[in-house]
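# Understanding the architecture of this molecule
One-letter residues, chain by chain:
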Amino acid sequence: MQKYILVRLFNIVATLFVISTLTFFLMKQLPGSPFDEEKLAALPDEVRTQIYDQYGLNAPVWHQYVNYLGNLLKGDMGLSFYYQDRPVSNIIVDRIGPSALLGIQALIIGTAVGLILGLIAAFKHNSMWDYITMLIAVLGISIPNFVFAALLQYFVGLKWGVLPIAYWESYQSTILPTIALAIGVVAVVARFTRNEMLEVLGQDYIMTAKAKGLSSRNIIIHHAVRNAMIPVLTVLGPVVVSLITGSLVIEQVFSIPGIGSLFVESIKVNDYSMIMGVTLLFSVLFVFMVLIIDLLYGLIDPRIRLAGGKEG
Amino acid sequence: MSIEKVEINDESFQPVLSDPSDKEALSGKELVGWRNSWRRLKKNKGAFVSLFVLAFIVLLAIFGPHMNSYTYYQTDYSVSFQPPSSEHWLGTDKFGRDQWTRIWEGTRISLYIALLAAVLDLIIGVMFGAISGVFGGKVDLVLQRIIDILVGIPNLIVVILLILFMKPGIVTISVAMVITGWVNMARLVRSQIFKLKTQEYVMASQALGANVFRIIFKHFIPNSMSLILVNLMFTIPSAIFTEAFLSFIGLGLQEPLASLGVLINDGFHAMQSHYYLLIFPSIVIVALMVCFNLLADGLRDAVDPKMKD
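Residues numbered from 1 in each chain as written. Chains lettered and ligands numbered in written order. Predicted model: local features only at pLDDT ≥ 70, side-chain atom pairs only at ≥ 80, totals over all residues. Heavy atoms only, no water.

## Considering the overall build of chain B
This is how it is decided: A helix here means a DSSP run of H or I that spans at least four residues, while a strand means a run of E at least two residues long, and both kinds are numbered starting from the N terminus. What makes two residues a contact is simply this: any of their non-hydrogen atoms within 4.5 Å. Computed with a 1.4 Å probe, the accessible areas rest on the Shrake-Rupley method; for each residue, only the protein chains presented here act as cover.
Scanning chain B for helices and strands turns up eleven helices and zero strands. A separation threshold of at least 6 residues defines the contact pool for chain B, and within that pool the share at least 24 residues apart is 69%. Of the roughly 15800 Å² of accessible surface on chain B, 64% is carried by carbon and sulfur atoms.

Structure (structure tokens):
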């Protein structure tokens, strides 16, 4: 187990190293400059050199790279090119609140609703509930999140005027974006839970439990749900990824000052250091999420040999 | 809450093939397994209807832009923001471009992306997985490290970084998909081949002197075909989504080109007064996604009888 975690941690470090290296050199190759070239050319040479110095752009590329990695270890991601002189890490800290709130809300609500729907659908297999749940699942998986967000905004916000259309003002303004983010989670979790549950209910040990004369309630809680929950954990990995990518559009649609919209804005204005910072943040989040899920998986179900890998 | 309900009626005892004497008929090279799958797929109403809806959408994408005299880039400021009418069936956008033509032009892009994703999955994904699985050892180790890194980065981030590097557009999206789109397929094919490798008939084939490529093409790939097909069908909607997503946030196709993502973004900005610009492209993309997903589901259930409930 310890060896497994060590190997995984080593892999994570390697992956993050590759990602930061790749992004750094990609950024260096980018066309366009974060500065206004025309105004810069009009400045006296000394001033220009000073500006470049401030951003560390005069040194050779490999030197900039080593500097960047060194600073990164200290948690310093450099200065933003766009938000004059503010450190990238500061801006990220400023912006992470709304994204984290939305993401966590969507994850919790989405998983809970998905689980409930999935369980109901499985117990009432081939009933009205089952069909409704499956319909929600198919639609939730199929409708692109930005389409869903735009339609929510149009109908709930604009037509009916029930909830705020956009912006980050009161708690009410978190409701629509949370729903828009959560629908995908609901769909994935509900569908997976239902299929797992049906599979488990068909197992011999359920039959045995019934033959022993256990109550339905007992069987469901102690035999069925517990065994069905384990595989459901695996979908949380893809779910987190979908929440991260979802935040890119949802925050834009609802004009929320979060990390997702920050990322899209930085790309549009060539804010290199910011793009790198956010990319790294996303990657760190992603790899650690995957690790945590794998570890949880092993903890809950001892039958899974962690070292055996994913060949299955 | 009843745990399980088994219904047994006359239907349960019907012969599987509608006419038992069918079994006697000479069926040439057709494989029984595939015929069974097709039969099961036909029974799945959702999948079957999806097939027709998709065919309908494809036809409209092919002929739609030619059904009136407008082109997708032709602007006419005198008719900007027209609601749907007999002149412009689905209205016009802010530049007076015909929305009907633009929507089907955009659908073409989505379908092109779908086709590209499928081809890439088949060529790169299957070959990568096959080589990794067949050769094993060091080759496998190196190829798996490459996949590990690709998997370690959220897909969309790779695509976005690439788009920074190249000009946004259909070529860039295609390249991005070349880099990231096939990873799942490669993993699946690899693990399938690991399973097949130990089968006796493979050993027999080897003993008879078959070379690696013969084994790959005659044994491994045909025996992984259902898995490949199902995964292929799930790749398609996610590829369509990726393109639309990128176009929506402004990193995909650029004006005056139309993709469903671009159209939805335009419609989104104008939705307050011109809802039809948002609704129609949304309907088309949702229809595409729902149909491909239902078809993929149906196909999975059809080729994998274990999943049948």
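## Structural notes on the environment of Tyr68 of chain A
All names here are of chain A. Looking at the element boundaries, Tyr68 is found in helix α4 (residues 61-73). Considered as a pair, Tyr68 and Thr15 are 53 residues apart in the sequence and their alpha carbons are 17 Å apart. Ignoring sequence-local partners within four residues, the contact set of Tyr68 consists of Phe24, Met77, Met276, Gly277 and Leu280.

## Concerning the packing of aromatic side chains
Counted only if it meets this: Geometry of aromatic contacts follows a simple scheme: Phe, Tyr and Trp rings, the Trp one being its six-membered ring, pair when their centres are within 6.5 Å, and the pair is stacked under 30 degrees between planes, edge-to-face over 60, tilted otherwise.
For the coordinates displayed, the defined rule picks out ten aromatic pairs over all chains. Look at Phe25 of chain A and Tyr65 of chain A: their rings are 5.0 Å apart centre to centre, the planes differ by 45°, and that puts the pair in the tilted class. Residue Phe25 of chain A is located in helix α1 (residues 2-29), and its partner Tyr65 of chain A is located in helix α4; the two are separated by 40 residues in the primary sequence. Connected via pairs of aromatic rings, a cluster forms that spans Phe146 of chain A together with Phe241, Phe245, Phe248 and Phe268 of chain B.

## Description of the UniProt feature "transmembrane region" (unreviewed entry) in chain A
Residues and elements named next belong to chain A. Let me state the cut-off plainly: UniProt positions are given in the numbering used here, feature names are shortened, and annotations may be inferred rather than shown by experiment.
Under the UniProt annotation, "transmembrane region" (unreviewed entry) lies at residues 7-27, 100-123, 135-155, 175-193, 232-254 and 274-300. Across residues 175-193 one finds 100% helix and 0% strand; the C-alpha atoms that close the span lie 25 Å apart. The straight-line gap between the two end C-alpha atoms of residues 232-254 is 30 Å; of that span, 91% is helix and 0% is strand.

## Concerning the interface of chain A and chain B
Worth spelling out the cut-off: As a working definition, buried area equals the accessible area (1.4 Å probe) given up by two parts on being put together, with both sides summed. One speaks of a salt bridge when a side-chain nitrogen belonging to Lys or Arg is within 4 Å of a carboxyl oxygen belonging to Asp or Glu. Polar contact is defined as a pair of N or O atoms within 3.5 Å, subject to the rule that within protein one atom must be able to donate a hydrogen and the other to accept it, and that residues adjacent in sequence are counted only when both atoms are side-chain atoms. Charged residues are taken to be Asp, Glu, Lys and Arg, nonpolar residues to be Ala, Val, Leu, Ile, Met, Phe, Trp, Tyr, Cys and Pro, and polar residues to be all remaining types, Gly included.
Facing the 51 residues of chain A at the interface are 42 residues of chain B. Carbon and sulfur atoms supply 77% of the area buried between chain A and chain B, which totals about 4300 Å² over both sides. For chain A, the biggest contributors to the area lost against chain B are Ser142, Phe146 and Tyr154 of chain A; these three give 13% of the whole. If you look at where chain A meets chain B, you find one salt bridge. Between Arg191 of chain A and Asp297 of chain B there is a salt bridge, with its nearest N and O atoms 2.6 Å apart. Applying the counting criterion to the chain A and chain B interface returns two residue pairs in polar contact (both at pLDDT 80 or more). Looking at which element gives the most residues to the side of chain A that touches chain B, the answer is helix α7 (residues 145-159) of chain A, with eight residues. When its residues are assigned to classes, the side of chain A that touches chain B shows 32 nonpolar, 13 polar and six charged.

## Considering the pattern of salt bridges
Note that side chains of opposite charge can pair when their charged atoms are close. Residues and elements named next belong to chain B. Selection criterion: Each residue is assigned to one of three classes by its accessible area relative to the maximum for its type, calculated with a 1.4 Å probe on protein chains only: buried under 20%, partly exposed between the two thresholds, exposed over 50%.
Taken as a whole, this structure holds six salt bridges over all chains when the rule is applied. Put simply, Glu105 and Arg108 hold a salt bridge, and the shortest N to O gap is 3.8 Å. Of this pair, Glu105 and Arg108 both sit in helix α3 (residues 99-135), three residues apart, roughly one helical turn. Residue classification places Arg108 among the partly exposed positions, given a relative accessible area of 30%. One salt bridge in this structure joins Asp140 and Arg190, with 2.7 Å as the shortest N-O distance. Taken together, the residues span a long stretch of sequence, with Asp140 in helix α4 (residues 137-152) and Arg190 in helix α7 (residues 183-197) at a distance of 50 residues. Taken individually, Asp140 and Arg190 each receive the classification buried, so the pair is uniform in this respect.

## Some words on helix α12 (residues 259-268) of chain A
Residues and elements named next belong to chain A. For α12, the tally of buried residues reaches eight of ten residues, placing the bulk of the element in the interior. Within the sequence span of α12, burial applies to Ile259, Gly260, Ser261, Leu262, Phe263, Val264, Ser266 and Ile267. Backbone geometry just after α12 places Asn270 at a positive phi near 60°.

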